[in-house]
Amino acid sequence: MAVEGGDALVAIDAATNAVAVTVSGISEPHNVQVAPGDRVYAVSGDTATVAELDAAGHGLKASGPTGAAPAHVVVTPDGAKAYVTNYGDGTVSAYRTADLTSAKVIRVGGGPHGARPTPDGTALVVANTKAGTVDVVDTRTDVKTAGVKVGGAPVQVAVSPDGRHAYATVSEPAGVVKVDLRTAEVVGRTAVSAAPAQAYLTPDGRTLLSADQGTERRPGAAVSVIDTRTMKVTGRMATGSGPHGLVVAPRGDRAWVTNVYDGTVSVLDLPTGRAVATVEVGEEPNGISFATTPPAAGAGARVKVTLPPAGPRPAHTGTSHDHG
């Protein structure tokens, strides 16, 4: 996971619920993504850099410059391309993952924040927070093809297994909207317990989890459970303070939630709807991803990476993404 306030990436061993590895040297990381082959990608908001790490030893393999205030990095299902949303300048950067060389800068406008590819890899779905839209980018041409108004500021999206629908968390009013990607229209909406940050689908696509972060002044402390067919909240699971990042295990039985205001991760057992562990990880944990390969290092290992010197800083850097 990306521990933004602690300037670190932290790996938890899912078998023991203990911190296995802490990686320093990537300052202000807002998001992290595990790609095919358990390659690890992260963005540094401080240096406007995207980096690839080796999942086994967590050493630096490649890096490249981003736009201003990079928020999320995602990788296409085939592992060939990576995309970074640049909240500060209204762009999305496309990269070849072989060496993180830039393929194209896509201008979407507003302030793009969260993003996820469709399962077939033909489109990138972007939560454009400042524009109030869910944007669609054709990954074959790297051109924006749609922008759907969702009636608020979207923070992150999840895409159904068949690629038909996107589910966007909206901070105000606090809720989740369902977007039909074929017709480019909102087809469902539900309220949640506090302004949500990230969302994640169970593998069958029938249940959506919403991390209801709230604000520092009025933090949330729950994950809402949503039936994707009816768009109704069917339950809530208690978390720490300010649940932000979310990931579900491929088997669909566990979820991990970063709690941005108390520096912890809640481990949720989905069949029972209860937290089975709370792990302290450091200040302001944000994005989180799942790797199928256990950490190679021993428990509590520490690794330091050194990014290349940054070039000229963009006009707007840092990671103030106007949510929560």
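Residues numbered from 1 in each chain as written. Predicted model: local features only at pLDDT ≥ 70, side-chain atom pairs only at ≥ 80, totals over all residues. Heavy atoms only, no water.

### Digging into the overall build of the protein
Item 1. Scanning the protein from N- to C-terminus turns up zero helices and 28 strands.
Item 2. Computed over the C-alpha atoms, the radius of gyration of the protein is 18 Å, within 12% of the 20 Å expected from 2.2 N^0.38 for a compact globule of 324 residues.
Item 3. With respect to the principal axes defined by its C-alpha atoms, the protein has extents near 45 × 45 × 35 Å.
Item 4. The buried share among the 324 residues of the protein stands at 56%.
Item 5. If you take every contact in the protein between residues at least 6 apart in sequence, the share linking residues at least 24 apart comes to 45%.
Item 6. Of the roughly 12600 Å² of accessible surface on the protein, a fraction of 49% belongs to carbon and sulfur atoms. (Helix = DSSP H or I, 4+ residues; strand = E, 2+ residues; numbered from the N terminus. Rg over C-alpha atoms; globule rule 2.2 N^0.38 Å. Buried < 20%, exposed > 50% of the residue type's maximum accessible area, 1.4 Å probe, protein only. Contact = heavy atoms within 4.5 Å. Areas by Shrake-Rupley, 256 points an atom, 1.4 Å probe, with all protein chains shown as cover.)

### Describing unusual backbone geometry
Item 1. Going from Glu172 to Pro173, the amide bond is cis rather than trans, its omega being 0°.
Item 2. Secondary-structure assignment places Pro173 in the loop between strand S17 (165-170) and strand S18 (175-180).
Item 3. Even without a glycine there, the phi angle at Asn17 is positive, about 60°.
Item 4. Within the fold, Asn17 resides in the loop between strand S2 (8-13) and strand S3 (18-24).
Item 5. Positive phi values are uncommon outside glycine, yet Ala69 reaches one of about 50°.

### Remarks on the sheet that holds strand S25 (residues 254-259)
Item 1. Here four strands make up an open sheet; going across it, the order is S24-S25-S26-S27 and the pairing antiparallel. Taken across any chain shown, the strands that pair with only one partner, and hence form the sheet edges, are strand S24 (243-248) and strand S27 (274-280). Neighbour to neighbour, the strand axes of the sheet diverge by 20° on average, direction disregarded.
Item 2. Here four bridges tie S24 to S25, and the two strands are oriented antiparallel to one another. Pairing of Pro243 across the sheet is with Asn259, part of S25. (Pairing = 2+ DSSP bridges. Axes fitted to C-alpha atoms, helices over the stretch in contact; angles between N-to-C directions.)

### Focus: the environment of Leu201
Item 1. Tracing the sequence through the fold places Leu201 in strand S20 (residues 199-201).
Item 2. Residue Leu201 is classed as buried on the basis of its relative accessible area, which comes to 9%.
Item 3. Remark: the alpha-carbon pair of Leu201 and Glu28, spanning 173 residues in sequence, is separated by 27 Å.
Item 4. Apart from the residues within four sequence positions on either side, Leu201 is in contact with Ala158, Val159, Ser160, Pro161, Tyr167, Thr207, Leu208, Thr228 and Val248.

### Side note on the confidence of the model for the protein
Item 1. Taken residue by residue, the protein gives an average pLDDT of 93. The fraction at 70 or more is 94%.
Item 2. Across residues 313-320 the pLDDT falls below 50, and counting only partners more than four positions away or on other chains, this stretch makes 18 contacts in the model. (pLDDT = per-residue confidence, 0-100.)

### Points about the nonpolar core
Item 1. By size, the foremost hydrophobic cluster in this structure holds 15 residues, and its most contacted members are Leu9, Val23, Ile26 and Leu53.
Item 2. Counting only elements with at least two residues in this core, the list comes to S2, S3, strand S4 (29-35), strand S5 (39-44) and strand S6 (49-53).
Item 3. With three residues, the top contributor of residues to this core is S3.
Item 4. Those residues in contact with Leu53 that lie beyond four places of it in its chain are Leu9, Val23, Ile26, Arg39, Val40, His58, Gly59, Leu60, Lys61 and Val305.
Item 5. In terms of nonpolar packing, the next biggest core, distinct from the first, is built from 13 residues, Trp256, Val265, Val281 and Ile288 among them. (Core = buried A, V, L, I, M, F, W, Y, C linked by side-chain atoms within 4.5 Å.)

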